[in-house]
Every structure is written in structure tokens, then in C-alpha cells.
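Chain by chain, the residues run as shown.
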Amino acid sequence: MAIRLKPVDVVLVGMGWTGSILAKELSAAGLRVVGLERGGWRETVPNFQSPAMHDELRYAVRHGLMQDTSRETLTFRNNVRQDALPMRQLGSFLLGDHVGGAGVHWNGQVFRFHPFDFQWRSHHVERYGADIIDPELTIQDWPVSYDELEPYFDRFEYLCGIGGKAGNLRGEIQPGGNPFEGWRSREFPNPPMKLAYGGKLFADAARAQGYAPFPVPSANLTRNYTNPEGLRMNACTYCGYCERFGCEHFAKASPQTSILPLAMQNENFELRTHAHVTRVNTAGVGGLATGVTYVDARGREYEQPAELVILCAFGIHNVRLLLLSGIGEPYDPRTGEGVVGRNYSYQTMSSVDIFYPPDTHINPFMGAGALGMVIDDFNGDNFDHSELGFIGGAYIAAYTTGARPIEHHAVPEDTPRWGAAWKQAVARYFNNNVGLTIHGSSMAHRANYLDLDPTYRDAYGQPLLRMTFDFPANDKRMSHYVTARAAEIAEAMGGEQVSVSEVDEHYSIVPYQSTHNTGGAIMGVDPASSAINRYLQSWAAHNVFVMGASAFPQNPGYNPTDTVGALTYWAAEAILNDYVKNPRPLVDA
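Analysis parameters
Residues numbered from 1 in each chain as written. Predicted model: local features only at pLDDT ≥ 70, side-chain atom pairs only at ≥ 80, totals over all residues. Heavy atoms only, no water. Buried < 20%, exposed > 50% of the residue type's maximum accessible area, 1.4 Å probe, protein only. Helix = DSSP H or I, 4+ residues; strand = E, 2+ residues; numbered from the N terminus. Arc of directions from axis to C-beta. Contact = heavy atoms within 4.5 Å. Phe/Tyr/Trp six-rings, centres within 6.5 Å; stacked < 30°, edge-to-face > 60°. Lys NZ or Arg CZ within 6 Å of the ring centre and 35° of its normal. Pairing = 2+ DSSP bridges. Axes fitted to C-alpha atoms, helices over the stretch in contact; angles between N-to-C directions. Salt bridge = Lys/Arg side-chain N within 4 Å of Asp/Glu carboxyl O.

Caption draft 1: Just helix H11 (residues 420-429), in detail. Among the residues of H11, Ala425, Val426 and Tyr429 are the ones counted as buried. Relative to the axis of H11, the buried residues are bounded by an arc of 100° and lie together on one face. Every exposed residue of H11 that faces more than 90 degrees away from the buried side is listed here: Ala420, Lys423, Gln424 and Ala427. Structurally, H11 contributes buried residues whose contacts are with strand E15 (348-355), strand E18 (433-440) and strand E21 (497-501).

Caption draft 2: Broad picture of the packing of aromatic side chains. Per the stated rule, a full pass over the model turns up 37 aromatic pairs. Note on phenylalanine 469 and tyrosine 507: the rings are 5.1 Å apart at their centroids and 85° apart in plane angle, and the pair reads as edge-to-face. Of this pair, phenylalanine 469 sits in the loop between strand E20 (463-468) and helix H12 (473-491) while tyrosine 507 sits in the loop between E21 and strand E22 (544-546), placing them 38 residues apart in sequence. Take tyrosine 507: its relative accessible area is 2%, and that puts it in the buried class. Chaining the aromatic ring pairs together yields one cluster made of Phe111, Phe113, Phe118, Trp142, Tyr146, Phe153, Trp183, Tyr395, Phe552 and Tyr558. Directly above the aromatic system of tyrosine 512 lies the positively charged group of arginine 244, at a separation of 4.7 Å from the ring centroid.

Caption draft 3: Quick look at the sheet that holds E18. Spatially, E8-E16-E17-E18-E15-E21 is the arrangement adopted by the six strands of the open sheet, whose pairing is antiparallel. Across the chains shown, the open sheet's two edge strands, defined by having one partner strand only, are strand E8 (214-215) and E21. Where strand E16 (residues 372-375) lies against strand E17 (residues 394-399), four bridges are found, and the strand directions are antiparallel. When the sheet's bridge partners are listed, isoleucine 375 is paired in E17 with isoleucine 396. Contacting E16, E17 and E18, helix H7 (residues 197-208) runs over the sheet at an angle of about 20° to E16. Of the strands in this sheet, E15, E16, E17, E18 and E21 are in contact with H12, which crosses E15 at around 20°.

Caption draft 4: Representation of the environment of isoleucine 139 within the structure. Mapped onto the elements, isoleucine 139 comes out in the loop between helix H5 (120-128) and helix H6 (146-160). Residues isoleucine 139 and tryptophan 120, spaced 19 residues apart in sequence, show a C-alpha to C-alpha distance of 7.3 Å. When neighbours within four sequence positions are excluded, isoleucine 139 is seen to be in contact with Trp120, Arg121, Ile133, Ile391, Met443, Ala444 and Gln554.

Caption draft 5: The pairing of strand E14 (residues 301-311), seen in detail. Taking burial as the measure, the 11 residues of E14 include eight buried ones, the bulk of the element. The pairing of strand E1 (residues 3-4) with E14 spans two bridges and is parallel. Looking across to E14, one finds that arginine 4 is bridged to glutamate 303. Direction of pairing for strand E2 (residues 8-13) relative to E14: parallel, over a ladder of five bridges. Residue pairing across strands places leucine 12 opposite isoleucine 310, the latter belonging to E14. Note that E14 and E22 share three bridges and pair parallel. Bridging across to E22, valine 309 finds its partner in valine 544.

Caption draft 6: Geometry of the pattern of salt bridges. By the definition in use, this model includes 29 salt bridges. Put simply, glutamate 25 and arginine 155 hold a salt bridge, and the shortest N to O gap is 3.0 Å. One end of the pair, glutamate 25, is in helix H1 (residues 17-28); the other, arginine 155, is in helix H6, and 130 residues separate them in sequence. Salt-bridge contacts for aspartate 451 lead to arginine 466; the nearest nitrogen and oxygen are separated by 2.6 Å. With aspartate 451 in strand E19 (residues 449-457) and arginine 466 in strand E20, this pair connects stretches of sequence that are 15 residues apart. Here aspartate 451 matches arginine 466 in class, with each residue buried.

What follows is the structure, encoded as C-alpha cells:
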């Protein structure tokens, strides 16, 4: 029998970005808060220090900071006619583990969504007519606008010390920034990163073709910086160990460097690590949450009563916990009814490589996770889709994230895949290659969803999450179109060969593509088509809130973290200023 603990005001499930922000905000307001993290404690000193942290085999190849799939994983299939099988090792996406979550091993690329991204369906219907939307796409408007979120984007960016160049200050287009972005109330807190040679070659070619290159907004700090919470971070050294690694230099924004220390200092907050939450407890079917049940590292089961339960785990984990707890109606793709698991989306990725003569030295080993130049001309609805047969788009970027010795081996497409010729090509092109990333949107589709697997279970005996996903035809058409534009730029970059890697015909869970999993517990205006309302509050149990990218109705062509951070501050304000004073549904159903 579970050991019943002393009740608290709030229990947070997961201690990454969203859990850390809420721990600080809610405990500072006087609420008694417990944070439950299934992994262990870790911090910059001693856990992320070099030389151990620069062990590429341990962290990039063997995923030393990631989820242990022997204890918990998910099953996958492309469609309902297939049998889903377990993901035995991480591949297409990398699920974080331990305190800080994916906020520790991310690259630090920080983009705001466009204003029209929040009115995705109505915007397209108004501009092109309803026929432009494939009837199988279940895209919908967000219940919150860009204008409403702008102050919260700003707050998260100043928390992280983002470096960049504004393209639109209070409605006035600024030279050097992104001319397509929504308005900003003020400049980035820090200047952009330095310009790598690969980024310069790309920017010059893109500009010559009439596009508008700008520096990628970066959470790799460009100078020493003290954020508004009083926490100091250091300038990035461009060591090239960002994605899949913790930063030893306090130079990448993360929960540990940017916000969590303040929560840890507050006596109202208690963090419990190695606490694996198995369900949200409710007062009967359809009732409010009464707390959570979790299992500690010794296998002891606890019940933590709480007035308010906030799910702060990675998006797909939040969805699984809702399904395991019976909160909200599971989505059924046959009928289109149900909301939990609905609108799971991903990211549509492709790439182009340019190979240069031996005397063109790119020096890709000097890099940072967000060091790059990018164009937004083919993202979202920044270009005319009238005759294209798809909606959505992608940004095109030339990143220099660090050419680490094991995984960096770009070679021309006609190179043998193994043997002496392959080795010679790797050596020949290591310092003479620039890669372009085409980072595309993912439209929600009726057949793509999350549910509980009827066959496979985790180490705790609970059903695994089952993912059913394939690339919608709309997204493949989009990707082919934008990849062709990237290839045109690549041809103008002065290399001797160009290789194009298109999006695959069918999605595979094996090769790494992106950790931008979205949807499954989406926000909306109607409980019949969404799991949570505009304040991330469950329609089914008003004292349950669900943070993270699981709230996205579909996934725009940008990295999601900035919007996740903004939504967290948006929801925190609603919880503190409204819900706690008068617990109830904050939006009428």
C-alpha cells in the first residue's frame, strides 16, 4: 500500500524548463510546492565539467544524459495497419532524463513563432480559401494570440540571455534582423553570436538571391550576463559541445543556470529526485485530481496529496500520464472523437551539403549549438502558397554546431558507405564542408496520434505509450519545395559539389531528426477538440495543468522552446493571479 504523505498546495511532475520556472514562481508566492523528478540531481559543477563532459562516445553516441529505454520507452508504427514495436534505443528524437531534462542537452536555438502561426487555420482560410487545407489535416487555431504572448516571450528570452538581432521593434523593421518576425517590445538582451565562415558563405549567397539572412537567436551566451533573476552566466567559448552535452562553462541557458537555483533556495519548495510518477490520482471518474502516486528508487510507493497537479514532463510523457490516469477522453482516429493523444506532430527535416576545394577551410570544429545564419523567406506563410498545393514552410540555416570527431563525417552522395574510399572522403572533406538545415513545419493529421500500447509495458508494469505517425503528403510537398530553394542557394555558395538529402517517403524512428515532438494534449477553445484551455488547464479536471509542447495544435517550422517558456509564464500568471484565489475552470466550456 502506498505511503500517504503530508498534503501540499502544488505538486510538479518533471523538473525541466517548465517545472523549474513554476517551482520558482509558485514557491515565491508562498505556495508549498513539491517537485518530483524521475531522474537524479545534477548541476554544472561537478556533473558537466570537462574533460569528462567532452566524451562524445558517452554522451552523443550512447546518450549518457538521456532516458534509459530499458526501463521506459514507447512503441512506434507508421499506421494502424502495422503492429507497433518498442523503441529499443533512442534514435529519431532524444528524450532527456534527470533534473533539467532536455533543457540541459539542447542546442539553444530560440525562435518565436509568427503571429499567424497562432491563427493557423483561420489565417489560411481567409487568405486562400478553405480548399487549400487538406481535409485530412486537423489543424486548428490556438486559443491565445501572439500579441497576448509577446510579454512572456520577452520574459523568457531575458531569463535566458538570448543573443540576437531584432527584426521588428514595435512594428518598425530593423536592418540585420528577421524582417518577417512578429513585433518585439525591445531588443534581445545580448548581441548575436560571432559569424562562422560557413554562415558567411550561406548569408552572402542568400543575400545575392534577394533573401534576408539574419543570425540565429542563441541561448549560448554571447557575453557575460546577469539575468533579471540575478543569476550570472558566462560568455560562450565556441567549444562545439552543446547538443547532447551539458555546458561546463555556465554559458548555455538551462534550468540549472537560469532559474532553478532560486527555487532551491526557497523553503517552500522541496525537490524529490528518483521519484517516478505512475498516475495522477482523482476523486473518482471525472473528478478533480487529489495528488499523484510515485515510486522511489527503492521501489517504495508514495501518495503525495496536492490541491493542484501540474504536469511538467516532456510533452509525450505528459500525454501518457493523462492516459494512464483517465483524465480526458482518449483520441480515436476512426471517429475523430476524443482529445488526449490527438494532433501529435513532429518536425519535417531535410538537408543540403556543399563540398569545397581543399584550400577552402571551414573550421567547423569551432562552433556552438545556435551558431548560424538563417533565412525565413520560406517559413510559415511568408511566401505565396496559392499554386503550391501545400501549407506550411521551413527555415533554411547554415549552422556550425561543432564538428566532433565521431559523428561529423559528411561526404558527397556518390561516396561508398564504408571502406577505404569512405575513410579517404571523410578526411578529405572534414574541413571543407558546409551543411544547410531545412527545418520544416509538421501539420496535424487525423491518422497521427498517441495512445497506450495494448501489448508492451514498462518496468513498473504500466502500458507504454504508442506513437502512430507518418509524414503527411502536405508536409512532403512542402519539404521538397523548400529543399529545392535551399539547393539553389547551395549551388551559389562556391563549392565544387552539392548533395541533397530529401525527407524520406515514410517517417523512420531510427535516424536522428529532431527532438521537437508536439501535440497530444493540445490547447483550444472547445473541450470536444482540445485537452486543455488557453491557460493550459485541463477541461476534464480543473486542478490539473499541462505544460510543454504537448499543448501545440500543430508544429510550426521553428524550434519550440521559446514558445514553451512563454506559455509557462503565461499559465503561471493565470494560476497565481486567478486560479489559486478562486479554484474553478478559468474558461467556460
